[in-house]
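Given next are the chains, with one letter for each unit.
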Amino acid sequence: MKHRAPSSAQRLNRRPQAADVAHPERRPHGRDDRRAQRRSGAPWHFWLVVVMATVYLGWRAIEGVVWLIGWIGGAIG
């Protein structure tokens with residue numbers, strides 16, 4: 001008999017059934033395994049937002065450095 005932690009039930013987004021605990025070999029593996037694989041990583045659009053935010057903030061940092069150099073050059077010259 002295999003004991004399942006509450007975190008594994010949350011990962012699968014369901015409560016463990018009595019049949020799963022009593023007879024784990026009888027549980028159909030295909031559907032739950034695919035669901036666990038699909039939820040294992042972040043969706044592609046999350047990574048798209050991360051990349052776009054990085055590009056935007058990088059560009060703003062470059063603009064800030066250019067502005068700072070111009071401001072320092074104006075104050076000195």
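The coordinates are above.
Rules used throughout
- Residues numbered from 1 in each chain as written.
- Predicted model: local features only at pLDDT ≥ 70, side-chain atom pairs only at ≥ 80, totals over all residues.
- Heavy atoms only, no water.
- Salt bridge = Lys/Arg side-chain N within 4 Å of Asp/Glu carboxyl O.
- Helix = DSSP H or I, 4+ residues; strand = E, 2+ residues; numbered from the N terminus.
- Phe/Tyr/Trp six-rings, centres within 6.5 Å; stacked < 30°, edge-to-face > 60°.
- Buried < 20%, exposed > 50% of the residue type's maximum accessible area, 1.4 Å probe, protein only.

Engineer: Before we go on, may I ask you to explain the pattern of salt bridges in this structure?
Structural biologist: Oppositely charged side chains are able to pair whenever their charged atoms sit close together. Across all of its chains, the model carries one salt bridge by this definition. Of the charged contacts, one joins Arg60 and Glu63 as a salt bridge, the two residues approaching to 3.1 Å between their closest N and O atoms. Taken as a pair, Arg60 and Glu63 lie in helix α4 (residues 44-76) at a separation of three residues, close to a single helical turn.

Engineer: Mind showing me how you'd approach the packing of aromatic side chains here?
Structural biologist: By convention here, two paired aromatic rings are described through the distance between centres and the angle between planes. The final tally for this structure, using the stated rule, is two aromatic pairs. Seen from their ring centres, Phe46 and Trp47 are 5.0 Å apart, and the 75° between their planes marks the pair as edge-to-face. Both rings, one in Trp67 and one in Trp71, keep their centres 6.2 Å apart while their planes meet at 15°; by these two values the pair is stacked. One end of the pair is Trp67 and the other is Trp71, both in helix α4 and four residues apart, which spans about a single turn. When its relative accessible area of 56% is taken as the criterion, Trp67 is described as exposed. Residue Trp71 is classed as exposed on the basis of its relative accessible area of 53%.

By themselves, these are just geometric observations and shouldn't be taken as functional.
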